[in-house]
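# A look at the structure
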Amino acid sequence: MKHEELAKLIKEVFSHYGKKELFEEEFIQYFQEKGLSKDEIEKLWSEAHSQELISVGVWSISDPNNPLKIIEQKIVFTLLNEEEREVLRKAEEMIKELEKEEPDIEELEKSE
């Protein structure tokens, strides 16, 4: 799917709910109502994540009577704007640079 087509679909679902963050269930429900299968929806959000249109994370839901007790975890999709995508790209570049500088543990052990 072309980037522009995918971006349009992703913007539609977030606009429908009027939020920047959606639970996976909301995302699935919206696209199932549009006639997509669960497999097609999974491919859709996976591609949107690959193209940096959304980020994917997990929210821990706690017991209202005991905030330290996690009762559920939910997958959350967050719509990214261009500035946020740029921050992600720079962070990924920095990580790659740090990985190049990081000594190889196996090599260090061999030299001992």
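Our structure's up above, just so we're on the same page.
Below or above, wherever it landed, is the structure these notes cover. (Residues numbered from 1 in each chain as written. Predicted model: local features only at pLDDT ≥ 70, side-chain atom pairs only at ≥ 80, totals over all residues. Heavy atoms only, no water.)

### Regarding the overall build of the protein chain
- Check the secondary structure of the protein chain and you find five helices and three strands.
- The secondary structure elements of the protein chain, listed N-terminal to C-terminal, are α-β-α-α-β-β-α-α.
- In terms of overall size, the protein chain is more extended than a compact globule, its C-alpha atoms giving a radius of gyration of 19 Å where 112 residues would be expected to give roughly 13 Å.
- Principal axes of the C-alpha set define a box for the protein chain whose edges measure 60 × 45 × 30 Å.
- Expressed as a percentage of the 112 residues in the protein chain, the buried residues total 23%.
- Summed over all atoms, the accessible surface of the protein chain reaches about 8,500 Å², with 51% contributed by carbon and sulfur.
- Looking at the protein chain, you have 16 positive and 30 negative side-chain charges, and the mean spots of the two groups are 7 Å apart. (Helix = DSSP H or I, 4+ residues; strand = E, 2+ residues; numbered from the N terminus. Rg over C-alpha atoms; globule rule 2.2 N^0.38 Å. Buried < 20%, exposed > 50% of the residue type's maximum accessible area, 1.4 Å probe, protein only. Areas by Shrake-Rupley, 256 points an atom, 1.4 Å probe, with all protein chains shown as cover. Lys, Arg positive; Asp, Glu negative; His and termini not counted. Charge placed at Lys NZ, Arg CZ, Asp CG, Glu CD.)

### Brief notes about the sheet that holds strand 2 (residues 54-63)
- Pairing is antiparallel in the open sheet, where three strands are placed in the order 1-3-2. Whereas interior strands pair on both sides, the edge strands pair on one side only; in this sheet they are strand 1 (21-23) and strand 2. Within this sheet the neighbouring strands show an average axis-to-axis angle of 45 degrees, counted without direction.
- Both strand 2 and strand 3 (residues 66-79) contribute to a ladder of ten bridges, which runs antiparallel. Note on strand 3: the bridge partner recorded for tryptophan 59 is lysine 74. (Pairing = 2+ DSSP bridges. Axes fitted to C-alpha atoms, helices over the stretch in contact; angles between N-to-C directions.)

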